Amino acid sequence: MDGAEPRGCSGFTLLEVMAALTLTGLVIMAALALYGNSYTVYQHSLARGKSENVTLLIYERVSELVGAAYQYPFYDERIRSFAGNASAFRMLTDREEGIAIEELTLADDKLIYKRESLRNPEEKREVTIFTGITGEFMYMDASVEAWSSDWEEREYPSLLRLDLKLHNKPDQDYQGRNYSLSQDLPPLVFPLVVGQEYGKL
């Protein structure tokens, strides 16, 4: 009969089409969520690996610095052996290049190293060790067994502590939203044995 649909050629019903679209949408949403979670885990893994490298780098640099500490031998107080506050400390050091004043400063999200030779005051050097980092310096007063953010004593503190936070550059997640990761680094503690009684810190 003319106009009759061939047997077996009937199309999908509206209900079947809606069900198929719903299932497809659910699969896509699940895939996007899985991708988003995987991307977040990946970013945190990168940040954790970076923080470990940064911690090691800073620990080595500061260990080298405090290992060269020098006690000013005179009582005229013309030169301070050590002085510090929450954002910086400076100390006398004795290296192959000679006696110098060396300094570490936290400013403008940077950890900055400075050196000034006592033999030749014009011989100065300044290097940015790391960027994207904030924090503070703390000093152990052995006489009261307490940490202080300022040190003005003639003697060295018994311990130096760095509390640092690493700030990663802003990035975008898988949905294009901007974000920035910040991570506290483990506290770094360094003994300062110069000027200390042998066997005691």
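Residues numbered from 1 in each chain as written. Predicted model: local features only at pLDDT ≥ 70, side-chain atom pairs only at ≥ 80, totals over all residues. Heavy atoms only, no water.

Colleague: How would you summarise the overall build of the protein if you had to cite specific residues and measurements?
Modeller: For the protein, the count of helices and strands is one helix and 12 strands. Secondary structure elements of the protein occur, N-terminal to C-terminal, as α-β-β-β-β-β-β-β-β-β-β-β-β. The buried share of the protein, reckoned over its 201 residues, is 32%. Approximately 13500 Å² of the protein is accessible, and the part contributed by carbon and sulfur atoms is 55%. (Helix = DSSP H or I, 4+ residues; strand = E, 2+ residues; numbered from the N terminus. Buried < 20%, exposed > 50% of the residue type's maximum accessible area, 1.4 Å probe, protein only. Areas by Shrake-Rupley, 256 points an atom, 1.4 Å probe, with all protein chains shown as cover.)

Colleague: Could you give me a rundown of the side chain of serine 81, with the residues and numbers involved?
Modeller: Relative to the helices and strands, serine 81 resides in the loop between helix H1 (14-67) and strand S1 (82-84). In this structure the side chain of serine 81 is engaged in a polar contact, spanning 3.5 Å, whose partner is the side chain of glutamine 71. With residues near it in sequence (within four places) discarded, serine 81 still touches Tyr70, Gln71, Tyr72, Arg90, Met91, Leu92, Arg154 and Tyr156. (Polar contact = N/O pair within 3.5 Å; in protein donor to acceptor, adjacent residues only side chain to side chain. Contact = heavy atoms within 4.5 Å.)

Colleague: Let's hear about the sheet that holds strand S2 (residues 88-95): which residues, and what values?
Modeller: With respect to topology, five strands assemble into an open sheet ordered S1-S2-S3-S4-S5, the strand pairing being antiparallel. The outermost strands of the open sheet, each flanked by one partner alone, are S1 and strand S5 (124-131). Across the sheet, the axes of successive neighbouring strands diverge by a mean angle of 20°, strand direction being ignored. With eight bridges joining them, S2 and strand S3 (residues 98-107) adopt antiparallel strand pairing. Note on S3: the bridge partner recorded for phenylalanine 89 is leucine 104. (Pairing = 2+ DSSP bridges. Axes fitted to C-alpha atoms, helices over the stretch in contact; angles between N-to-C directions.)

Colleague: Lay out the pairing of strand S4 (residues 110-117) in plain terms, naming residues and giving numbers.
Modeller: Direction of pairing for S3 relative to S4: antiparallel, over a ladder of eight bridges. Residue glutamate 103 lies in a different strand from S4, and its bridge partner there is lysine 114. Where S3 folds back onto S4 in an antiparallel hairpin, the turn is made up of two residues, including aspartate 108, whose phi is positive at roughly 55°. Strand direction decides the pairing type here: S4 and S5, joined by seven bridges, are antiparallel. Looking at the pairing, arginine 115 lines up with arginine 125 of S5. The antiparallel hairpin formed by S4 and S5 contains six residues in its connecting segment.

Colleague: Requested: an account of the side chain of glutamine 71, with residues and values cited.
Modeller: Mapped onto the elements, glutamine 71 comes out in the loop between H1 and S1. For glutamine 71, a relative accessible area of 18% corresponds to the buried category.

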